[in-house]
Amino acid sequence: MTGFDGELRAGASRSSAMRRSATRYGPAVAAFVLVILLWEGITRLLGVETFVLAKPSEIMSSFIETWATVWGVGFRTLWEALGGFVIGVSAAVLTSFAAARWVGFREGMLPIAIAMNSMPIVALAPIFNNWFGSTNVFAKMSVAAVVVYFPVMINTTRGLLEVEPRELELMRSVAATPTETMRRVRIPHALPFFFASLKVASALSLIAAIVAEYFGGPQNVLGQYIINRANLFQFPDAWAAILVASLLGIAFYVVILVAERLAMPWHVSFREAE
Amino acid sequence: MTLVVEAKGLSKTFGTGDEAVRALSAIDLEMGQGDFISLIGPSGCGKSTLLRLIGDLARPTSGELSINGKSPHQARLDRDYGMVFQSATLLDWRTVRKNVELPLEIMDVPAAERSTRADQMLELVQLGQFAGHFPWQLSGGMQQRVAIARALAFRPALLLMDEPFGALDEMTRELMQQEVLRLWAETGTSVVFVTHSIPEAVFLSTRVLVMTPRPGTISDEIAIDLPSRRDLETRKNPRYFELITRVRDALRSHDS
């Protein structure tokens, strides 16, 4: 070693990482508890009616009482969302590869895709119900798939294309084929964009599935369950279902976060702070 | 013996009509095996463009250019070029070793040989113990040494360096120059080196080509007759200063 540039940025130890996560997540946990307490306190203090806003305590007791039912409908909705997510993401990735590979395809398709992205896609739900039959799970999956498709496709395509010109020249200088450049430069480069879009898509797919359910179909799903309980003035039950939807959304998000970390441990967002 | 680089009446124009910019005009260049040639000149003199033409990253507008007796395109397909840019251009998601292996992977070198070769190259640039690190864990000078190791890993006939040390501090820069000379002596490769720095050009080269802008041409050619072994003593050698002055005068004389 010549020693002139030997300073290495040392990684922090595990225990200090835990301490840091405590200081990082501490405020969020405290704020959450505070909001729940305020919610409970104010609704009690002002005597807010349950049909206007249920108290957290009422929601929790309903959540426990209807545990099996509400998770049952939750998982059916999650199945629709997941199915749509997988279909939408697969189609988006295939389109992105084609767009990155063929200029003609990119220039022809992307403007259309971006224009279609601004369309309120859940408005298509009644149409899909009509196509597939409102009881067919695929009617809901298609809505979720279309909703998921656009952000994933647009972001992934950007990631594949917005590569450092220097990196492309480097690949060119060693006579790499377009396929090799795709594999070794474009795809790794697109991963952060791809995962960012998946995080958005995970929430979107659940929203799309629930909204699509509001347009009719089987009764044993979150959307219909919420409508039915609300119609019966069982608002804590409806709120418990909303709680399940949120928990499923968070779990989905966390799964993607973990996948992201596994897929790109090198990424700047996971480096130890200095 | 075939010339490594042979250019006759080479020119490059960007754009057409009124917008046309003549970046290079009437470039003649002959470079033999083992030469170390520096291209020096003010910004916009076309030195990087000339390097890019040689490396087949751009096509000449007119003139002839051959690399080892082949077209630049064929030379690139034959992997005759090792390129080092001003930024190290390491891939963030690859370890240092994997970055050095990148060109070897593209050339379908078997995995075992790749890793042996990468280790050898990293030893050569004295970064053996950092093979498992990621690029962002290294300083700028170390990153640039990885880039050089990567460029030399497949033993290219010609090393093309475009202001490789432009972003480094003076201390690191001098050490890197020493390192490049050592690698050049050990590998016997030919080098085309683009730089802004007069002392750097003189210290490294067997020949310095002074370029002037609008349009970019080679205005002077200065043979560097310093002893082939160059070190700290060279930097104190009166001849070194004379040559620096000659290059500076050559650059100044076109400054109007």
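Model, not experiment: these values are computed from the prediction. (Residues numbered from 1 in each chain as written. Chains lettered and ligands numbered in written order. Predicted model: local features only at pLDDT ≥ 70, side-chain atom pairs only at ≥ 80, totals over all residues.)

## Notes on the overall build of chain A
Inference 1: Helix and strand counts for chain A stand at 10 helices and 0 strands.
Inference 2: Listed N to C, the secondary structure of chain A is α-α-α-α-α-α-α-α-α-α in terms of helices and strands.
Inference 3: Its C-alpha atoms put chain A at 75 × 55 × 30 Å along the principal axes.
Inference 4: Sorting the 274 residues of chain A into buried and exposed places 35% on the buried side. (Helix = DSSP H or I, 4+ residues; strand = E, 2+ residues; numbered from the N terminus. Buried ≥ 20, exposed ≤ 12 C-beta atoms within 10 Å, placed from the backbone.)

## So, the overall build of chain B
Inference 1: Looking only at helices and strands, one finds 8 helices and 9 strands in chain B.
Inference 2: In terms of overall size, chain B behaves like a compact globule, its C-alpha atoms giving a radius of gyration of 18 Å where 256 residues would be expected to give roughly 18 Å.
Inference 3: For chain B, buried positions account for 47% of its 256 residues.
Inference 4: Contacts spanning at least 24 positions in sequence make up 70% of the contacts within chain B whose residues lie at least 6 apart. (Rg over C-alpha atoms; globule rule 2.2 N^0.38 Å. Contact = placed C-beta atoms within 7 Å.)

## Digging into the pairing of strand β3 (residues 36-40) of chain B
All names here are of chain B.
Inference 1: β3 sits mainly inside the fold: 5 of its 5 residues count as buried.
Inference 2: What you see with β3 is no split at all: Phe-36, Ser-38 and Ile-40 on one side and Ile-37 and Leu-39 on the other are buried throughout.
Inference 3: As defined by bridge partners, β3 adjoins strand β7 (residues 190-195) across 5 bridges and the pair is classed as parallel. The residue of β7 that forms the bridge with Ile-40 is Thr-195.
Inference 4: In terms of strand pairing, β3 meets strand β8 (residues 207-212) through 4 bridges, oriented parallel. (Pairing = 2+ DSSP bridges.)

## Quick notes on the nonpolar core
Inference 1: Within the largest apolar cluster, 83 residues are counted, with the highest numbers of intra-cluster contacts made by Val146(B), Ala149(B), Leu160(B), Val192(B) and Val247(B).
Inference 2: It is helix α5 (residues 140-152) of chain B that contributes the most residues to this core, 7 residues altogether.
Inference 3: Other than its neighbours up to four places away in sequence, Ala149(B) contacts Val100(B), Met121(B), Leu122(B), Leu124(B) and Val125(B).
Inference 4: Counting residues in hydrophobic clusters, the runner-up holds 56 residues, among them Ala144(A), Val152(A), Leu198(A) and Leu222(A). (Core = buried A, V, L, I, M, F, W, Y, C linked by C-beta atoms within 7 Å.)

## Description of the interface of chain B and chain A
Inference 1: Of the residues lining the interface, 26 residues belong to chain B; the matching set on chain A comes to 23 residues.
Inference 2: For the side of chain B that touches chain A, the secondary-structure elements that each account for two or more residues are α2 (72-77), β5 (81-84), α3 (96-106), α5 and α6 (170-187) of chain B.
Inference 3: Each residue belonging to the side of chain B that touches chain A can be placed in one class, and the counts come to 15 nonpolar, 8 polar and 3 charged. (Nonpolar A, V, L, I, M, F, W, Y, C, P; charged D, E, K, R; others polar.)

## What about the confidence of the model for chain B?
Inference 1: Of the residues in chain B, 99% reach a pLDDT of 70 or more, and the chain-wide mean stands at 90.
Inference 2: On the interface metric, ipTM, the complex scores 0.88, and its pTM is 0.84. (pLDDT = per-residue confidence, 0-100.)

## Some thoughts on helix α6 (residues 137-161) of chain A
Residues and elements named next belong to chain A.
Inference 1: The terminal C-alpha atoms of α6, which comprises 25 residues, lie 36 Å apart, in line with the 36 Å expected from a rise of 1.5 Å per residue.
Inference 2: Of all the bends in α6, the greatest reaches close to 30° and is centred on Tyr-149; the proline Pro-151 follows between one and four positions later.
Inference 3: Most of α6 is tucked away, with 20 of its 25 residues classed as buried. (Expected span 1.5 Å × (residues − 1). Bend = angle between axes of the 7 residues up to and from the residue.)

## Brief notes about the environment of Leu78(A)
Inference 1: Topologically, Leu78(A) is positioned in helix α3 (residues 67-101).
Inference 2: Taking the C-alpha atoms as reference, Leu78(A) lies 8.5 Å from Ala245(A); in sequence the two are 167 residues apart.

## Looking at the sheet that holds strand β1 (residues 5-14) of chain B
All names here are of chain B.
Inference 1: The antiparallel open sheet is built from 3 strands, whose spatial order is β2-β1-β4. Since the sheet does not close on itself, it has two edges, and those belong to β2 (21-31) and β4 (62-67), each with one partner. Pairs of neighbouring strands in the sheet enclose a mean axial angle of 25°, with direction left out of account.
Inference 2: Note that β1 and β4 share 5 bridges and pair antiparallel. Paired with Ala-7 across the bridge in β4 is Leu-65. (Axes fitted to C-alpha atoms, helices over the stretch in contact; angles between N-to-C directions.)

## A short note on helix α1 (residues 47-54) of chain B
Structural remark: α-helix, 3.6 residues per turn; residues separated by three or four positions point the same way.
Residue and element names in this part refer to chain B.
Inference 1: In terms of burial, α1 is largely enclosed, as 8 of its 8 residues are buried.
Inference 2: For α1, the set of buried residues is Lys-47, Ser-48, Thr-49, Leu-50, Leu-51, Arg-52, Leu-53 and Ile-54.
Inference 3: Backbone geometry just after α1 places Asp-56 at a positive phi near 60°.

## Some remarks on unusual backbone geometry
Among all residues except glycine, the phi angle is most often negative; among peptide bonds, the trans geometry is most common.
Residue and element names in this part refer to chain B.
Inference 1: Note the cis peptide between Arg-214 and Pro-215, where omega equals -15°.
Inference 2: Residue position: Pro-215 is located in the loop between β8 and β9 (217-223).
Inference 3: The backbone of Thr-89 sits at a positive phi, close to 50°, despite the residue not being glycine.
Inference 4: Along the chain, Thr-89 turns up in the loop between β5 and α3.
Inference 5: At Gln-126, a position not held by glycine, the phi torsion is positive, near 60°.

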